[in-house]
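Listed here are the chains, written in short residue letters.
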Amino acid sequence: KTVLALETSCDETAAAVVRDRTVLSNIVASQIDIHRRYGGVVPEVASRAHVENLGAVVAAALQDADVTWADIDGVAATCAPGLVGALMVGVTAGKTLAMLHSKPFLGIHHLEGHIYASYLSQRALQPPYLCLLVSGGHTSLIHVQDCGQYELLGKTRDDAAGEAFDKVARLLDLGYPGGPVIDKLAAQGDPTAFKLPEGNISLPGGGVHPYDSSFSGLKTAVLRLVQSLQDDGIDPMPVNDLCASFQETVAKGLTKRTIRCAQDYGLTTIAVGGGVAANSGLRQHLSAAAAEQGLQVLFPPLKYCTDNAAMIGCAAADHLARGHQSDFKLGTRSRMDLAEVMTLYA
Ligand code: ATP
Ligand code: MG
Ligand code: FE
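Owing to the predicted nature of the structure, the values given are computational and were not obtained by experimental measurement.

Engineer: Sorry, what's going on with the overall build of the protein here?
Structural biologist: Secondary structure summary: the protein contains 11 helices and 10 strands in total. Taken against the 2.2 N^0.38 rule, which gives 20 Å for 346 residues, the C-alpha radius of gyration of the protein at 20 Å falls within 12% of a compact globule. Principal-axis analysis of the C-alpha atoms gives the protein an extent of 65 × 45 × 35 Å. Considering only residue pairs separated by 6 or more positions, the protein has 73% of its internal contacts joining residues 24 or more positions apart.

Engineer: Sorry, what's going on with the pairing of strand 3 (residues 22-30) here?
Structural biologist: Two faces, one strand: in a regular strand the side chains alternate between the faces of the sheet. Direction of pairing for strand 2 (residues 12-19) relative to strand 3: antiparallel, over a ladder of eight bridges. Bridge pairing in strand 3 links V18 to V23. Hairpin connection, strand 2 to strand 3: the antiparallel pair is bridged by two residues, and D20 has positive phi, about 55°.

Engineer: Where do I start with unusual backbone geometry in this structure?
Structural biologist: Phi is mostly negative for residues that are not glycine, and the peptide bonds are mostly trans. With an omega of -15°, the peptide bond running from A80 to P81 counts as cis. Tracing the chain through its elements places P81 in the loop between strand 4 (74-80) and helix 3 (84-100). Note the cis peptide between D235 and P236, where omega equals 0°. Note on placement: P236 falls in the loop between helix 7 (216-231) and helix 8 (239-264). Of note, D66 is a non-glycine position whose phi angle comes to about 60°, a positive value. Structurally, D66 is set in the loop between helix 2 (43-65) and strand 4. Of note, S102 is a non-glycine position whose phi angle comes to about 55°, a positive value. Tracing the backbone shows S102 in the loop between helix 3 and strand 5 (105-109). Classification of S102 as exposed rests on a count of 7 C-beta atoms within 10 Å.

Engineer: Honestly, the pairing of strand 8 (residues 149-154) in this entry has me stumped. Any pointers?
Structural biologist: Strand direction decides the pairing type here: strand 7 (residues 139-146) and strand 8, joined by five bridges, are antiparallel. Across the sheet, the residue bridging to H143 is E151, located in strand 8. Taken together, strand 7 and the strand that follows it, strand 8, pair antiparallel across an intervening segment of two residues, in which G148 is found at a positive phi of about 80°.

Engineer: What am I meant to see in the site of ligand 1 here?
Structural biologist: Taken together, 23 residues sit near ligand 1, with G136, G137, G162, G179 and G275 positioned nearest. Looking at which element gives the most residues to the shell around ligand 1, the answer is helix 6 (residues 178-186), with four residues. Of the residues belonging to the shell around ligand 1, the class tally is six nonpolar, 14 polar and three charged.

Engineer: Looking at this model, I keep getting lost on the nonpolar core. Mind explaining?
Structural biologist: Nonpolar side chains tend to gather and get buried jointly when the protein is soluble and globular. With 102 residues, the main nonpolar core has A5, A15, A16, V18, I270 and A316 as its most contacted residues. Here this core takes 10 residues from helix 8, the largest share from any one element. Discounting residues that sit within four places of it in the chain, A316 has contacts with V3, A5, G74, A76, L106 and I108.

Engineer: In this structure, what is going on with the UniProt feature "binding site: Fe cation" (unreviewed entry) in the protein? I would like to understand it.
Structural biologist: Mapped onto the present numbering, the UniProt feature "binding site: Fe cation" (unreviewed entry) falls on H110, H114 and D307. A maximum C-alpha distance of 8.9 Å among these annotated residues, which run over 198 residues, shows that they cluster at one spot. Locating H110 in the fold gives a position in helix 4 (residues 110-121). With 24 C-beta atoms packed within 10 Å, H110 lands in the buried category. Structurally, the position occupied by H114 is in helix 4.

Engineer: Looking at this structure, I do not really get the sheet that holds strand 4. What am I missing?
Structural biologist: Strand pairing in a sheet relies on backbone hydrogen bonds, with the paired strands running either antiparallel or parallel. One open sheet accounts for five strands, arranged 3-2-1-4-5; its pairing is mixed. The sheet terminates laterally at strand 3 and strand 5, the two strands that pair on one side only. Going across the sheet, the axis of each strand differs from the next one's by a mean of 20°, ignoring polarity. Pairing of strand 1 (residues 2-7) with strand 2 involves six bridges; the strand directions are antiparallel. When the bridges of strand 2 are listed, E7 appears paired with A14.

Engineer: What should I look at first to understand helix 5 (residues 161-171) in this one?
Structural biologist: One turn of an α-helix holds 3.6 residues; hence residues three or four places apart share an orientation. Among the 11 residues that make up helix 5, nine are buried, leaving the element largely enclosed by the rest of the structure. Those residues of helix 5 that fall on the buried side of the exposure criterion are A161, G162, E163, A164, F165, D166, K167, V168 and A169. Where helix 5 is buried, its residues meet strand 6 (129-134), strand 7, helix 6, helix 7 and helix 8. One or two residues past the end of helix 5 sits D173, with phi positive at roughly 65°.

Engineer: I keep staring at the environment of A49 and nothing clicks. Help me out?
Structural biologist: Among the structural elements, A49 can be located in helix 2. Sequence separation between A49 and A29 is 20 residues; the distance between their C-alpha atoms is 9.7 Å. In this structure, A49 is in contact with T13, Q31 and I34, ignoring residues within four places of it in sequence.

Definitions and cut-offs
Residues numbered from 1 in each chain as written. Chains lettered and ligands numbered in written order. Predicted model: local features only at pLDDT ≥ 70, side-chain atom pairs only at ≥ 80, totals over all residues. Helix = DSSP H or I, 4+ residues; strand = E, 2+ residues; numbered from the N terminus. Rg over C-alpha atoms; globule rule 2.2 N^0.38 Å. Contact = placed C-beta atoms within 7 Å. Pairing = 2+ DSSP bridges. Buried ≥ 20, exposed ≤ 12 C-beta atoms within 10 Å, placed from the backbone. Near = placed C-beta within 6 Å. Nonpolar A, V, L, I, M, F, W, Y, C, P; charged D, E, K, R; others polar. Core = buried A, V, L, I, M, F, W, Y, C linked by C-beta atoms within 7 Å. UniProt positions renumbered as here; feature names shortened; annotations may be inferred. Axes fitted to C-alpha atoms, helices over the stretch in contact; angles between N-to-C directions.

Here you go:
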């Protein structure tokens, strides 16, 4: 199936044309430069920028793919979770285009899109497998059973992994977004310079939760460390070592929980998604540990890890091939569990 897909859940205005697992075009207009001056995404500013950019982005996606409306089998848009005002822009545009051209419309769950990013570079991938989704808003271990069938096995109890990178970067005064800059500075630092808490969840009976994470304590530990270095008159601040130690701690904790989860559920393939999948520390640790345990690990190329519409189109093409489509009354939701995906289709 060939789908025109729109993604406007956060700060990327994106459109793509996807034929099953093949990307025919993939246009992303990032708003990062607009939001950077506020130190984070401002919802109202995001919605307005989506309205301003979407028309040109859709036109470019159709032109790049070299398709006409006769080639398009359906129109899809991310409908949850995300910023409601931002989602509304994509969903309204998607429904309008679908209605105008008499095509089915499909609302897509943003996280299902992140899961489908793996198929764009690994066309032979088939469920069941384990997806480690590490993004700005999520840190999830998902048992992918089939199209639309997901079991959440692990999650963060507080900050997401990407959020932790962004917050630590902010407290080190490194700008927004934090992941890429911490990754770069960490390469020049000593990952064993400082010992930090791994972000485990303690269980009432003792021991730690095998799959859940907590990153807010880690962020606070970095803050305290910086304060105590300042109190000791350390100048300049060993920023590279701090970044390296923080990144190492996140990568090790995520790797441990992911490998354990794959083994416990007998899943031999791990697909990673979300912006933090770009992190070199995570890539190194998880690849090495997976190889040691005889597990396959897949990292999609960076352009499919961060928000894009190609991943949304890939999910939509699969749903459409199974006869799924959404009601034109479908709304948007800021929060939605992956277990609810099939409620989006009639
Ligand atoms: P969600 O999908 O949960 O709604 P999102 O779509 O905003 O969140 P993404 O766009 O997938 O999240 O990822 C953005 C996050 O990835 C940011 O927090 C950013 O700091 C982080 N990130 C990007 N590159 C790297 C990197 N190399 N290392 C670590 N983190 C990174
Ligand atoms: Mg983003
Ligand atoms: Fe995302």
